[in-house]
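# Examining the three-dimensional arrangement
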Amino acid sequence: MNWKLCKKISLVLIAALALAVVADILIFLTVEYGSKGSNFVGCYAYDAMLIGFECKGFWGSNVVTAWLNWPLWLIYAPISAVFSIRALIIAVLVWFPILLFAFSDKKLSEHKNA
């Protein structure tokens, strides 16, 4: 397996995750907290037992919503994984880039030391 390529791909995904964290913080700082009316365009944070983000009013809002909630799912999915197979699958998917980076970095360092 090409571990250098795996490491580069995982770094891109981790950068997207870090950018999502920055975007989450910016939304918390700039948009009023709580759900919005039907004519709202943009993204906002809400609290329905768990904190989350929702975007609406523009094309691709579902993709942006999923991207903004990715950092939160790093926490929520492993906690929920013991109760649901769906949450277990989500936990594996959201942690995959981080685990891939760690594993490929380990394999590259072993190969370099060998």
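Up top you'll find the structure we're talking about.
Residues numbered from 1 in each chain as written. Predicted model: local features only at pLDDT ≥ 70, side-chain atom pairs only at ≥ 80, totals over all residues. Heavy atoms only, no water.

### Focus on the packing of helix α1 (residues 3-30) against helix α2 (residues 61-80)
Our working definition: Lines fitted to the C-alpha atoms define the axes, with helices restricted to the stretch that makes contact. Angles between their N-to-C directions range from 0 to 180 degrees. Strands are runs of DSSP state E lasting at least two residues, helices are runs of H or I lasting at least four, and both sets are numbered from the N terminus onward. Should an angle lie under 35 degrees it is considered roughly parallel, over 145 roughly antiparallel, and from 65 to 115 roughly perpendicular; all remaining angles are considered oblique. What makes two residues a contact is simply this: any of their non-hydrogen atoms within 4.5 Å. In this count, Pro and Cys sit with the nonpolar residues alongside Ala, Val, Leu, Ile, Met, Phe, Trp and Tyr, while Asp, Glu, Lys and Arg are called charged and the others, Gly among them, polar.
The contact between α1 and α2 brings their axes to 8 Å, and the two run at 100°. Classified by the angle their axes make, α1 and α2 are roughly perpendicular. Each of Leu13, Ala16, Leu17, Leu19, Ala20, Val21, Ala23, Asp24 and Ile27 in α1 lies in contact with α2, whose residues at this interface are Trp67, Leu68, Trp70, Pro71 and Leu74. The residue makeup of the contact of α1 with α2, split by class, is 13 nonpolar, no polar and 1 charged.

### Some remarks on the pairing of strand β1 (residues 42-48)
Put simply, the rule reads: Any two strands between which DSSP finds at least two bridges are classified as paired.
By the bridge criterion, 7 bridges tie β1 to strand β2 (residues 50-56) in an arrangement that is antiparallel. The residue of β2 that forms the bridge with alanine 48 is leucine 50. As consecutive antiparallel partners, β1 and β2 are separated by 1 residue, and within that stretch methionine 49 has a phi angle of approximately 75°, a positive value.

### A closer look at the state of the cysteines
Test applied: Only a pair of cysteine sulfur atoms within 2.5 Å counts as a disulfide in this structure description. Each residue is placed in one exposure class: buried if its accessible area under a 1.4 Å probe, protein chains only, is under 20% of its type's maximum, exposed if it is over 50%, and partly exposed if it falls in between.
All told, the structure shown has 1 disulfide when counted by the stated rule. Put simply, cysteine 43 and cysteine 55 are joined by a disulfide, and their sulfur atoms are 1.9 Å apart. Every disulfide takes its handedness from the sign of the S-S torsion; for cysteine 43 and cysteine 55 that torsion is 110°, giving right-handed. Of this pair, cysteine 43 sits in strand β1 while cysteine 55 is found in strand β2, placing the two residues 12 residues apart along the sequence. Residue class for cysteine 43 comes out buried when judged on its relative accessible area of 14%.

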